[in-house]
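Commentary on secondary and tertiary structure
So the chains spell out like this:
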Amino acid sequence: MKLQFPEGFIWGTSTAAYQIETASENNWKGLKCKDGTTFDKCSQHDLHRDEDLEYICQISNGYRMSHDWGKLQKAPFAEFDQKEVDAYLRFMEELKRRGKHIMLVLHHFTNPLWFEKEGSWEKEGNRKMWLDFVQKSVDTFGHLVDTWNTFNEPNVYVSNGWITGEFPPFKKGKILLARRVLKEISRAHEEAYDIIKQKSKAPVGISFNTVQFKGEIFPGHLFAKIADWWFMEYCHNHFLKQDFQGLSYYARMSFRPFPLDNMNHTEQLKKLGRRTDLMWEYDPKGFYNVFHRYWKKTKKPIIITESGICTHDPKVRIESIKEYLGWVHKAQQDGIPIQGYFHWSTMDNHEWNIGQYYRFGLVSVDFETGKRTMTEAGTFMGEVARNNSVEV
């Protein structure tokens, strides 16, 4: 069956500068990851920009990207490094010359070391340093941007940094501190929205991560409800000043009674007969439920800022794309205005604290040599974008 998408639908791929470029002096550099690799040179995008641009243009008509804050700005309120500006400008200008839609993310989990030394987001008022970065980004790159994300998945950033302790600054169970950080980021988002709007007509939003939390045995039902309240509602309520609702989704999380993922509970999930990728329980229909939930709540058009599956098998990735797009199309038929789909990710990247083994790329990367190879999934995604339709 052929599913046709609306005229003007944005087909894109997504990356984060920090996961694909050589690491700058940021708070992730040198981190030893779950798979034994080090957060350092990542996918060497800064050495392969022209090649990567060709892959981006083959696969889609849009690209969601970020700039490395620490590379552009070497100290608080400093002028941008012109060499880094020139490299980013050349790349973005060529994307625009090829007619590509650019979504620019202004904060994607990572902070310069100088910002960390000033107290990071824990200190009220520190947002002024990031807002200076925002103002300079708008002045320098704003004429090339079609859509803005102020923050990528602030609920993930705050939860993993200050509650689970899996991201820098690795603080576990600091719920009151997490709340303080969330409020500082929320204020930063609202002020950044106003800064952007002074010079840009492009829509502004965030990317908000979503999960299907499901309690299955006592007291997992209670734990799942608490997780859902914090992650899906309380955090979201701090970011309602948006022109569109950016959504990402990867996982269902079953509580039996504690949450199960496929990195740490593989055998248990196998015994339960659950579908999984390399990281999580896999449930594409959950995204359909998420569309209805946030459309009902916000009545804002939706852009899928990230959607993907962690696998080494391009054929599995293709089937996953088909499944997800089937639910996207169904939600559109229900009357929900979903305006675009950005696949995560363009190329294999360094997957934050767990490393290089965990692959999402439409283009595969040899992390030792930097060699890129288009996969069957990348070719498939390119056909979907050109045809504005998918066969399922």
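Rules behind the numbers
- Residues numbered from 1 in each chain as written.
- Predicted model: local features only at pLDDT ≥ 70, side-chain atom pairs only at ≥ 80, totals over all residues.
- Heavy atoms only, no water.
- Pairing = 2+ DSSP bridges.
- Helix = DSSP H or I, 4+ residues; strand = E, 2+ residues; numbered from the N terminus.
- Axes fitted to C-alpha atoms, helices over the stretch in contact; angles between N-to-C directions.
- Expected span 1.5 Å × (residues − 1).
- Buried < 20%, exposed > 50% of the residue type's maximum accessible area, 1.4 Å probe, protein only.
- 1 Å grid on protein atoms, 1.4 Å probe; cavity = no way out; pocket = protein on both sides within 12 Å on 5 of 7 lines; lining within 4 Å.
- Points joined across faces, edges and corners; volume = space filled by probe spheres on them.
- Nonpolar A, V, L, I, M, F, W, Y, C, P; charged D, E, K, R; others polar.
- Core = buried A, V, L, I, M, F, W, Y, C linked by side-chain atoms within 4.5 Å.
- Contact = heavy atoms within 4.5 Å.
- Salt bridge = Lys/Arg side-chain N within 4 Å of Asp/Glu carboxyl O.
- Lys, Arg positive; Asp, Glu negative; His and termini not counted.
- Polar contact = N/O pair within 3.5 Å; in protein donor to acceptor, adjacent residues only side chain to side chain.

Read once around its circumference, the closed barrel built from 8 strands follows the order S2-S3-S4-S5-S6-S7-S8-S9, with strand pairing classed as parallel. For this sheet the average axis-to-axis angle between neighbouring strands, irrespective of direction, equals 30 degrees. Across 4 bridges, the pairing between strand S4 (residues 101-107) and strand S5 (residues 147-152) is parallel. Considered in S5, the bridge of Met 103 is made with Thr 147.

Let us now look at helix H12 (residues 314-333). In a regular helix each residue adds 1.5 Å, so 20 residues correspond to 28 Å; H12 covers 28 Å between its end C-alpha atoms and thus fits that length. Buried residues of H12: Arg 317, Ile 318, Ser 320, Ile 321, Tyr 324, Leu 325, Val 328, His 329, Ala 331 and Gln 332, and no others. At the C-terminal side of H12, Gly 335 shows a positive phi close to 100 degrees.

Turning our attention to the layout of surface pockets. Here the largest pocket defines a volume of roughly 1,400 Å³. Lining the largest pocket are 43 residues, and of these Asn 160, Thr 164, Glu 166, Phe 231 and Met 253 lie nearest its centre. Mapped onto the lining of the largest pocket, the elements with two or more residues apiece are helix H7 (154-162), strand S6 (204-215), helix H9 (220-234) and strand S7 (245-255). Ranked by residue count, the leading element in the lining of the largest pocket is H9, at 6 residues. Counted as a void, the second largest pocket has a volume near 160 Å³.

Inspection of every chain in the model, using the stated rule, returns 1 cavity of 30 Å³ or more. Its volume calculated, the largest cavity comes out at about 60 Å³. Around the largest cavity, the lining residues are Thr 15, Ala 17, Ile 20, Glu 21, His 45, Arg 49, Tyr 63, Met 65, Ser 66, Tyr 88 and Phe 91. Only helix H1 (17-20), strand S3 (62-66) and helix H4 (82-97) provide two or more residues apiece to the lining of the largest cavity. Here the element with the most residues in the lining of the largest cavity is S3; it accounts for 3 residues. Across the lining of the largest cavity, the residue classes break down as 6 nonpolar, 3 polar and 2 charged.

With that settled, the discussion passes to the nonpolar core. Grouped together as the largest cluster of nonpolar side chains are 119 residues, with contacts concentrated most on Trp 130 and Phe 291. Take this core: its biggest share by element is 10 residues, from helix H8 (residues 175-199). Sequence-distant contacts of Trp 130, that is, excluding residues within four places in its chain, are made with Trp 69, Leu 106, His 107, Trp 121, Thr 150, Phe 151, Ala 188, His 189 and Ala 192. Membership of the second largest hydrophobic core comes to 5 residues, among which are Ile 10, Met 103, Phe 244 and Phe 342.

Here the structure, examined in full by the defined rule, presents 32 salt bridges. A salt bridge links Glu 281 to Arg 252, with the shortest nitrogen-to-oxygen separation between them at 3.0 Å. With Glu 281 in the loop between helix H10 (266-271) and helix H11 (285-298) and Arg 252 in strand S7, the pair connects residues that are 29 residues apart, well separated along the chain. You'll find Glu 281 and Arg 252 in the same group, each marked buried. Among the ionic pairs, Glu 267 bridges to Lys 270, the shortest N-O distance being 4.0 Å. Of this pair, Glu 267 and Lys 270 both sit in helix H10, separated by 3 residues, roughly a single helical turn. Lys 270 sits in the exposed class, given a relative accessible area of 57%. Through salt bridges that share partners, Glu 216, Arg 252, Arg 256, Arg 274 and Glu 281 make up one connected network.

A few words now on the side chain of Asp 261. Topologically, Asp 261 is positioned in the loop between S7 and H10. Although buried, Asp 261 forms no salt bridge, and the nearest oppositely charged side chain, Lys 34, lies 6.7 Å from it. A polar side-chain atom of Asp 261 sits 2.9 Å from the main-chain amide nitrogen of Met 263.

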